[in-house]
Amino acid sequence: MRFFKGHGTENDFVILPDPGGEAGVTAALVAKICDRRAGIGADGVLVVTRTKESHEVSEHAAVAEWFMDYRNADGSMAEMCGNGMRVFARYLIDAGLEHSGEFGVATRGGVRKVRVEPNGDITVDMGKPVVLGESVATVGGHEYPGLHISMGNPHLACAIGDPVVQLDLTHQPGFDPGIFPNGVNIELFNPVGTSRAVMRVYERGCGETRSCGTGTVATAVAAAALSGDTTGTWTIEVPGGTVTVILEEDTSYLSGPAVIVASGELMLAE
């Protein structure tokens, strides 16, 4: 199978073209691909399938030709991935499968609109964040309260007083499984100045990643809430770079770079 590799602010993905939905990509194969020593290495896999060929999202075929079938590094399926969407869009454009204007892409979390900016960055309409309440993350014996936010996938975004650079995220932070029965992406952030925050993230099914698109939007929502705001433009710094999040009354946008860095033939098997 042909593969490509790309990243958005160093959140990296292996891309597997499968237009007809015939490859039968399994959780075991995804885990092998994402292994950074025995495989290609990635935070996740993006399977490129025509929307009409997938029973999961075929009802969106009229508005989105392509389905981003996203898998976490452990092989589990996820609803949505903001950085993955930007890399997915970059692949479609570079491969000549979409134009460089605006188009829709189907995901398990619904159809997302993407557009290419004049500077080459890709902007994704991330939909309206939904604040579902409060909860607590535990890291190194410290409890950090935060907001439970749905971006189509679950997030717990916590503003903390400790510098995020000093946190030990080699292990899964603690969380309430009663609130998050299917796991949760946990963002820990420091507000720094006006409309800016520094963030680290522990993604379910992946571990700590250099960036998380849906997580940066959740962080912007939580950071804005500290000052009583629900709208505005935020700059979010992650270990892999910087992205821009725009919060509007009815939706949100994530904008940043996305590049394809390699291609080749996949020789792994289950």
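Draft legend 1. Main features of the overall build of the protein. Helix and strand counts for the protein stand at three helices and 17 strands. Taking 270 residues into account, the globule formula puts the C-alpha radius of gyration at 18 Å, and the protein, at 18 Å, falls close to it. Each of the three principal axes of the protein carries a C-alpha extent, and together these read 50 × 40 × 30 Å. Considering the protein as a whole, with its 270 residues, one finds that 51% of them fall into the buried category. Taking contacts inside the protein between residues at least 6 apart in sequence as the whole, the part at least 24 apart equals 60%. Mean positive and mean negative side-chain charge positions of the protein (19 and 34 charges, respectively) differ by 5 Å.

Draft legend 2. The arrangement of the side chain of Asn 83 in detail. You can see Asn 83 is positioned in helix H2 (residues 82-94). Under the relative-accessibility criterion, Asn 83 is labelled buried at 0%. Reaching out from Asn 83, the side chain makes a polar contact with the side chain of Arg 86 at a distance of 2.5 Å. Beyond its immediate stretch of four places on either side in the chain, Asn 83 contacts Gly 8, Thr 9, Asn 11, Phe 13, Ser 211, Cys 212, Gly 213 and Leu 254.

Draft legend 3. Spatial organisation of the nonpolar core. Within the largest apolar cluster, 48 residues are counted, with the highest numbers of intra-cluster contacts made by Met 68 and Ile 236. Not counting the four nearest positions on each side in its chain, Met 68 is found in contact with Leu 46, Val 47, Met 80, Cys 81, Gly 84, Met 85, Phe 88, Val 105, Ala 106 and Thr 107.

Draft legend 4. Representation of the pattern of salt bridges. By the definition in use, this model includes 14 salt bridges. A salt bridge links Lys 5 to Asp 12, with the shortest nitrogen-to-oxygen separation between them at 3.2 Å. There is no split in this pair, since Lys 5 and Asp 12 are both buried. The partner of Asp 43 in a salt bridge is Arg 36, with the nearest N and O atoms 3.0 Å apart. Taking relative accessible area as the criterion, Asp 43 reaches 8% and is therefore assigned buried.

Basis of the calculations
Residue numbers run consecutively from 1 along every chain, following the written order of its sequence. With pLDDT at 70 or above as the cut-off, local features in this predicted model cover only qualifying residues; side-chain atom pairs require 80 or more to be listed or tallied, and sums for whole chains, interfaces and linings still use all residues. Only heavy atoms go into the side-chain values, all of them from the structure, while hydrogens and water stay out. In DSSP terms, a helix is any run of H or I states spanning at least four residues, a strand is any run of E spanning at least two, and both are numbered starting from the N terminus. Throughout, radius of gyration means the C-alpha value; the globule benchmark is 2.2 Å times the number of residues raised to the power 0.38. Burial classes follow relative accessibility: with a 1.4 Å probe on protein chains only, a residue under 20% of its type's maximum area counts as buried, one over 50% as exposed, and anything between as partly exposed. Contacts are assigned to residue pairs with any non-hydrogen atoms lying within 4.5 Å of each other. Two residue types count as positive, namely Lys and Arg, and two as negative, namely Asp and Glu; His and chain ends fall outside the count. Every charge is mapped to an atom, namely NZ of Lys, CZ of Arg, CG of Asp or CD of Glu. Here a polar contact means two N or O atoms within 3.5 Å. Within protein one must be a hydrogen donor candidate and the other an acceptor candidate, and residues neighboring in sequence count only if both atoms are side-chain atoms. Nonpolar core, defined: a set of buried Ala, Val, Leu, Ile, Met, Phe, Trp, Tyr and Cys residues in which side-chain atoms within 4.5 Å join the residues together. Whenever a carboxyl oxygen of Asp or Glu lies within 4 Å of a side-chain nitrogen of Lys or Arg, that contact is scored as a salt bridge.

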